[in-house]
Amino acid sequence: MSQRILIWTGLVIYGLLLFLLLTLYRLPVDKMLGKALAVSTKTQTQVSAETVSFALPLSYALERITCVAQWPQGATKDRLDSLSFGMEWSRILSGSFP
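Presented here is an overview of the structure given in this document. The model shown is predicted, which means the values in this text are computed figures rather than measured ones.

Turning our attention to helix H2 (residues 29–41). The α-helix advances 3.6 residues per turn, and as a result positions three or four apart in sequence lie on the same side. Here H2 spans 18 Å end to end across 13 residues, near enough to the 18 Å set by a 1.5 Å rise per residue. In the core, the buried residues of H2 are packed alongside strand E1 (44–55), strand E2 (59–71) and strand E3 (74–86).

Note that side chains of opposite charge can pair when their charged atoms are close. Under the criterion given, the structure shown has two salt bridges. A salt bridge links Arg-64 to Glu-50, with the shortest nitrogen-to-oxygen separation between them at 2.8 Å. Placement of Arg-64 in strand E2 and of Glu-50 in strand E1 is noted, with a sequence separation of 14 residues between them. Looking at Arg-64, the relative accessible area reads 42%, which means it is partly exposed. Given a relative accessible area of 58%, Glu-50 falls into the exposed group. As a salt-bridge pair, Arg-64 and Glu-63 come within 4.0 Å of each other at their nearest N and O atoms. Within the structure, one salt-bridge network assembled from shared partners comprises Glu-50, Glu-63 and Arg-64.

With respect to the helices and strands, Met-32 occurs in helix H2. Spatially, the C-alpha atom of Met-32 lies 8.6 Å from that of Val-47, the residues being 15 residues apart in sequence.

Procedures and definitions
- Residues numbered from 1 in each chain as written.
- Predicted model: local features only at pLDDT ≥ 70, side-chain atom pairs only at ≥ 80, totals over all residues.
- Heavy atoms only, no water.
- Helix = DSSP H or I, 4+ residues; strand = E, 2+ residues; numbered from the N terminus.
- Expected span 1.5 Å × (residues − 1).
- Contact = heavy atoms within 4.5 Å.
- Salt bridge = Lys/Arg side-chain N within 4 Å of Asp/Glu carboxyl O.
- Buried < 20%, exposed > 50% of the residue type's maximum accessible area, 1.4 Å probe, protein only.

What follows is the structure in C-alpha cells.
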C-alpha cells in the first residue's frame, strides 16, 4: 500500500514539474514585456520579437525586437537586435542590452 502511494506521489510531482516547465517555455514574453512597458510609461506600447528562446534557470533571449509606443505627440518605433534577461543568484533580475 505505501509503495502505491509513493508511486502516485512521484507521478503527481513529475506531472506538476512538467506542467511548470512547459508553461514557462511557452510564455508570451514579448507581450508580457509590452504590458510591463505600457504600465510603467503609461502609454500604449506594443512589443514584438521574431525569435524568443527560453533557457533554464529562468532566462529568455529575444531577437529582432520591434517596440512601438503611442505618445500624445505621436508614435515612435524602435528596434533592437537582441535582448536577454533572467534571474541570477546574485541579483533578483538582470538584463543586458546590446
